[in-house]
Amino acid sequence: MIRQINIRSKKNTISFQIDVKSLLVTLILLMLAVAALFAGPGLGDPFFSPVEISQSLFGLGSGGNEFIINTLRFPRAAVSLLAGLCLGIAGAILQGIVRNPLASPDIIGITGGAAVAAVSYITFFQDSFGIQWLPFAAIGGALAASLLIYLISWNKGVTPIRLVLIGIGVSAAMNACTMLILTLSPDYSASQAYIWLTGSVYGASWEGLRLLLPWTILIVPLIILYSSVLNVQELGDDTSAGLGLSVQKHRLVLLLSSVVLAGAAVSVVGTIGFVGLVAPHIARLLVGRSFPYLLPSAGFIGALIVFLADVVARTAFYPSDIPAGIFTAGVGAPFFIYLLVKNRNQF
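Definitions and limits used
Residues numbered from 1 in each chain as written. Predicted model: local features only at pLDDT ≥ 70, side-chain atom pairs only at ≥ 80, totals over all residues. Heavy atoms only, no water. Helix = DSSP H or I, 4+ residues; strand = E, 2+ residues; numbered from the N terminus. Contact = heavy atoms within 4.5 Å. Phe/Tyr/Trp six-rings, centres within 6.5 Å; stacked < 30°, edge-to-face > 60°. Buried < 20%, exposed > 50% of the residue type's maximum accessible area, 1.4 Å probe, protein only. 1 Å grid on protein atoms, 1.4 Å probe; cavity = no way out; pocket = protein on both sides within 12 Å on 5 of 7 lines; lining within 4 Å. Points joined across faces, edges and corners; volume = space filled by probe spheres on them. Nonpolar A, V, L, I, M, F, W, Y, C, P; charged D, E, K, R; others polar. pLDDT = per-residue confidence, 0-100. Patch = residues over 30% accessible without salt bridge, like charges linked within 9 Å, V, L, I, M, F, W, Y side chains within 5 Å. Areas by Shrake-Rupley, 256 points an atom, 1.4 Å probe, with all protein chains shown as cover. Salt bridge = Lys/Arg side-chain N within 4 Å of Asp/Glu carboxyl O. Core = buried A, V, L, I, M, F, W, Y, C linked by side-chain atoms within 4.5 Å. Polar contact = N/O pair within 3.5 Å; in protein donor to acceptor, adjacent residues only side chain to side chain.

Let us now look at the environment of Leu-81. Topologically, Leu-81 is positioned in helix H3 (residues 63-98). Residues Leu-81 and Asp-310, spaced 229 residues apart in sequence, show a C-alpha to C-alpha distance of 9.8 Å. The residues contacting Leu-81, other than those within four sequence positions of it, are Ala-33, Ala-36, Leu-37, Ala-303, Leu-304 and Phe-307.

So, in structure tokens, the structure goes:
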């Protein structure tokens, strides 16, 4: 249901429309994400009740409980939700830019570029400069890969289908580079890089949250402001240009924003695949195609996907801690095949 809101002043009246259903669904997803943040520290062995979690968060619990909740589980839940939020929004942006349901950061090479840079940093520079520079390396790699894709795709502009096809090729090349670096790297750094490449929230800490949070605060509000631009771009390049939109300029800004979000998330939790592919599709079923609702909804769904994958990863096979990326790939890979079959007539 869509309602029109009129705000009257002495000089004029400002009108805007609100999709009540989509807004309600978005708020419900937000509440679920917040509930997951505070429920996550209680899940596992040992299990903690909401009362025990509250006591520990306010410094009133026992020493052992506070260590498990405040040091191990709470930052892990927060990092998984924040990384999933970034990946979900990044995927929704890419699918809006290229108008293709197969687009996501890991499919078209952005995550691959981040992986090459991150694995190179882990192998050659981490001992010298520390882990705090890893996000910058991953974001730099993602930016370099996206710039390469954009330049190769350029021919009097960038068309969506050309961007996707070249991105898939660049992604394959980036994966080959990553494997080459791993082959040449020492055993101790290769094992660490392999875990990172699988995608894992294991060992997440407040430091990881501090590395990821500033990028989220900086980019997400900008993307929400640009959401109406994505609505117009879905009409096609010619129509968008006819309506006065600077298509290539806005496409570049949106692409760079998606790259930064994906690179920041990947730098902290590794290459957790298919979240940016699946989350926007689920959000589209719930709130429709309007990007002011689709972007935050895709972000909250991505957050819940990574959170649930991590909960299953650390509880289902206890005491083993399985990388969360295994579970997202187990769901995302069949979904990707389904999309390929469903859209086979478009290629």
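So, about the side chain of His-281. Looking at the secondary structure, you find His-281 in helix H13 (residues 275-287). His-281 has contacts with Gln-95, Pro-101, Phe-335 and Leu-339, leaving out every residue within four places of it along the chain.

Within this structure, the stated rule accounts for seven aromatic pairs. Between the aromatic rings of Tyr-121 and Phe-125, the centroid separation amounts to 6.3 Å while the plane-to-plane angle is 35°, which identifies the pairing as tilted. For Tyr-121, a relative accessible area of 8% corresponds to the buried category. Clustering of aromatic rings is evident, with ring pairs tying together Tyr-121, Phe-124, Phe-125 and Phe-129.

What follows deals with empty space enclosed by the protein. Which parts of space are left empty comes out when a probe the size of a water molecule is rolled across the atoms. Using the criterion set out here, one finds two cavities of 30 Å³ or more in the structure. Quantified by volume, the largest cavity comes out at close to 50 Å³. Forming the boundary of the largest cavity are Leu-87, Pro-105, Asp-106, Thr-111, Val-266, Thr-271, Ile-272, Phe-274, Val-275 and Gly-276. The computed volume of the second largest cavity comes to approximately 30 Å³. Here the residues of the lining of the second largest cavity are counted per class, giving five nonpolar, one polar and no charged.

Here we come to the confidence of the model for the protein. Per-residue pLDDT for the protein averages 81, and the proportion of residues at 70 or more is 87%. Across the protein, element-level confidence peaks in helix H1 (residues 20-39) with a mean pLDDT of 92 and bottoms out in strand E1 (residues 2-8) with 46.

Checked against the element boundaries, Val-259 lands in helix H12 (residues 247-269). Given a relative accessible area of 0%, Val-259 falls into the buried group. When the C-alpha atoms of Val-259 and Leu-94 are compared, they prove to be 9.3 Å apart, with 165 residues separating the residues in sequence. Dropping the residues within four chain positions of it, Val-259 is found in contact with Ile-110, Ala-142, Leu-143 and Ser-146.

Residues Leu-23, Leu-24, Leu-27, Ile-28, Leu-30, Met-31, Leu-32, Val-34, Phe-38, Leu-57, Phe-58 and Leu-60 make up a contiguous nonpolar surface patch of about 1,100 Å² in total accessible area. A per-element tally of the nonpolar patch places H1 first, with nine residues.

Moving on to the nonpolar core. Membership of the largest hydrophobic core comes to 92 residues, with the highest contact counts inside it found for Ile-110 and Leu-254. If near-sequence neighbours (up to four positions away) are discounted, Leu-254 is found in contact with Ile-93, Ile-97, Ile-223, Tyr-226, Val-229, Leu-230 and Gln-233.

With respect to the helices and strands, Gln-95 occurs in helix H3. Among the residues examined, Gln-95 registers a relative accessible area of 4% and is labelled buried. Separated by 3.4 Å, the side chain of Gln-95 and the backbone oxygen of Leu-277 make a polar contact. Once residues within four sequence positions are removed from consideration, Gln-95 is found in contact with Asn-100, Pro-101, Ala-103, Gly-276, Leu-277, Pro-280, His-281 and Arg-284.

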